[in-house]
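Notes for the structure review
Listed below are the residues making up each chain.
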Amino acid sequence: MDNRGKPQADPGVSAERPAGRITLSDIAQAAGVSRATVSLVLRNSPTIPERTRQHVLQHAEALGYVYNRGAASLRTDSTHIVGLVVHDITNPYFAEIVAAIQRELISHQLVAFLGDTRDSPELQRSFVDTVREYNVDGIIMSPAQGSDPELIARLRQWRLPCVLFSRNLAGVEVDCVVGDNHGGMLQHTRYLLSLGHRRIAFIGANDQISTGHERLQGYLAGLREAGITPDPQLVVPCPPTRVDAHNALISLLQLADPPTAAACFNDVTAFGAMLAVQNLGLKIGRDVSITGYDDVAEAQLWRPALTTQRISCEDIGREAVRLLLRRIADRGAAVERVTIPLDFKVRQTTLEPPPAARLPAIREAALAWAQAQGTPSEDLKPEAAPVSYDRKTMRPGSGR
């Protein structure tokens, strides 16, 4: 073996390669052993002496042998392939989770087929149908917005193990790994209130996904707990993008009574809000406090560093794979829901609210920016994402 763990070349090993696909018989003939011995070596059988194993592997490598996973799956009823479905791989938080899941799968000798659905139920359905053709051992999924719970029911009928992560689906019994979204956003709101903020906006509301619904309700619960009636003007439904959050905050700061803080749906949304404050020539924290959610790597690198809620991507990846392996081993096991603990990171974007005398200048900066850009206030408002709470009472509606 060399210092990288690879078998060292044997001067007696011939690199002459037969025509066509290399078979176990080709390796057996080249190595001077039986076909059964080659099969045991390639399956890592402990019954084969190490010297023989290295000898066979050297000949297999010299011949250019490639393991035929398809043929192996016919013998073992397992492909060692997992479908990994994510709704937005461009979001750095979900990119980190995907990487964590893949690392954990590799540690169990499993391979992932990755599909980015771009939050489209149609693309999600197409990808699921495709990976079924490859007879995957199971699916790990962050469901797209608008996913039909019937999809999970069909997977169960097909006896295809499935685990959801980050997002859950109402009305279905399925293994899942999630964060405490309600409790996390309640903690954000309580913290901002403890600093003295009373006009707290929520940017990125989306009641059509479990994370959006739960975080919105945590925000509303925090306000009501403090005896504050939620103001519908301060809840902005919008896609979780930098551009939408940027425009949303500038629009909010043009109100006659602007917010002094913004609790954002996630870190990407918070980054957009932070850019808005900077573009207005204002100070993040001093003029407007901002919180994010997820604690992606970029959150701590920003200046000022972002106050946010950390949910361990490594823990999500580890638990998602554990649940899938458990479900593969026992299709009839009770459904398990894992909630990953939160870690609230207080950094530099949250301070006490600015003095009341400062608010007119903040509002004027937002109005001046919109005028300079030639952008009417109405055009700054992002396209609203669907919500099912009553916009007048700010209570959950019956449409969810």
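Calculation criteria
Residues numbered from 1 in each chain as written. Predicted model: local features only at pLDDT ≥ 70, side-chain atom pairs only at ≥ 80, totals over all residues. Heavy atoms only, no water. Salt bridge = Lys/Arg side-chain N within 4 Å of Asp/Glu carboxyl O. Helix = DSSP H or I, 4+ residues; strand = E, 2+ residues; numbered from the N terminus. Buried < 20%, exposed > 50% of the residue type's maximum accessible area, 1.4 Å probe, protein only. Axes fitted to C-alpha atoms, helices over the stretch in contact; angles between N-to-C directions. Parallel < 35°, antiparallel > 145°, perpendicular 65-115°, else oblique. Contact = heavy atoms within 4.5 Å. Nonpolar A, V, L, I, M, F, W, Y, C, P; charged D, E, K, R; others polar. Expected span 1.5 Å × (residues − 1). Pairing = 2+ DSSP bridges. Core = buried A, V, L, I, M, F, W, Y, C linked by side-chain atoms within 4.5 Å. pLDDT = per-residue confidence, 0-100. Polar contact = N/O pair within 3.5 Å; in protein donor to acceptor, adjacent residues only side chain to side chain. Right-handed = clockwise from strand over helix to strand, strands pointing away.

1. Quick word on the pattern of salt bridges
This model, assessed by the stated rule, comprises 18 salt bridges. Measuring nitrogen to oxygen at the nearest pair gives 2.9 Å for the salt bridge that ties Arg167 to Asp119. One end of the pair, Arg167, is in the loop between strand E4 (162-165) and strand E5 (175-179); the other, Asp119, is in the loop between strand E2 (111-116) and helix H6 (121-133), and 48 residues separate them in sequence. Its relative accessible area of 7% is what places Arg167 among the buried residues. When its relative accessible area of 26% is taken as the criterion, Asp119 is described as partly exposed. Here Arg318 makes a salt bridge to Asp315, at a shortest N to O gap of 2.8 Å.

2. Here we look at the packing of helix H2 (residues 35-42) against helix H3 (residues 50-63)
At their nearest, the axes of H2 and H3 sit 10 Å apart, and the two run at 95 degrees to each other. By the criterion of interaxial angle, the relationship of H2 to H3 is roughly perpendicular. Across the interface between the two elements, Thr37, Val38, Val41 and Leu42 from H2 touch Thr52, Arg53, Val56 and Leu57 from H3. Grouping the amino acids of the contact of H2 with H3 by side-chain chemistry returns five nonpolar, two polar and one charged.

3. What about helix H8 (residues 181-194)?
Its 14 residues give H8 an end-to-end C-alpha distance of 20 Å, which sits within 8% of 20 Å, the value for a rise of 1.5 Å per residue. If you check which residues of H8 are buried, you get Asn181, Gly184, Met185, Leu186, His188, Thr189, Tyr191, Leu192 and Leu193.

4. Some points on the sheet that holds strand E7 (residues 235-237)
If you trace the four strands from one edge of the open sheet to the other, you get E7-E6-E8-E9, paired in parallel fashion. Unpaired on one side and paired on the other, E7 and strand E9 (289-291) mark the two borders of the sheet. Strand-to-strand, the axes of this sheet are offset by a mean angle of 15 degrees, without reference to chain direction. Relative to E9, strand E8 (residues 261-264) runs parallel, the two being bridged by three bridges. Residue pairing in the sheet places Ala261 in a bridge with Ser289 of E9. The sheet strands contacting helix H9 (residues 210-225) are strand E6 (200-205) and E7, and the helix crosses E6 at an angle near 170 degrees. Here helix H10 (residues 242-253) sits on the sheet in contact with E6, E7, E8 and E9, set at roughly 150 degrees to E6.

5. Re the nonpolar core
Soluble globular proteins tend to pack their nonpolar side chains together in the buried interior. In terms of nonpolar packing, the biggest core is built from 73 residues, with Ile140, Phe165, Ile203, Tyr219, Leu249 and Ile290 touching the most fellow members. Here Ile140 is in contact with Val82, Gly83, Leu84, Val85, Ile101, Val163, Phe165, Ala320, Val321 and Leu324, once residues within four sequence places are set aside. Grouped together as the second largest cluster of nonpolar side chains are 19 residues, Val131, Val136, Met141 and Val172 included.

6. A look at the confidence of the model for the chain
When pLDDT is averaged along the chain, the result is 87; 86% of the residues meet or exceed 70. Note on residues 1-7: pLDDT under 50 across the span, and eight contacts to partners over four residues away in sequence or across chains. Note that residues 383-389 has pLDDT below 50 and, in this model, 31 contacts with residues that lie over four places away or in other chains.

7. Section: the sheet that holds strand E1 (residues 81-86)
The parallel open sheet is built from six strands, whose spatial order is E2-E1-E3-E4-E5-E11. The two strands at the open ends of the sheet, each matched to only one other strand, are E2 and strand E11 (337-340). The sheet shows a mean angle of 15 degrees between the axes of neighbouring strands, direction not considered. Pairing geometry for E1 and strand E3 (residues 138-141), over four bridges, is parallel. Looking at the pairing, Val85 lines up with Met141 of E3.

8. What to know about the side chain of Ser120
By secondary structure assignment, the location of Ser120 is in the loop between E2 and H6. For Ser120, the side chain forms a polar contact with the side chain of Glu122, separated by 3.2 Å.

9. Details of the pairing of E8
The alternating pattern of E8 places Ala261 and Ala263 and Ala262 and Cys264 on opposite faces, both of which are buried. Judged from the four bridges that link them, E6 and E8 form a sheet pairing that is parallel. Bridging from a neighbouring strand, Ile200 pairs with Ala261 of E8. For the segment spanning E8, helix H11 (residues 267-279) and E9, crossover handedness is right-handed.

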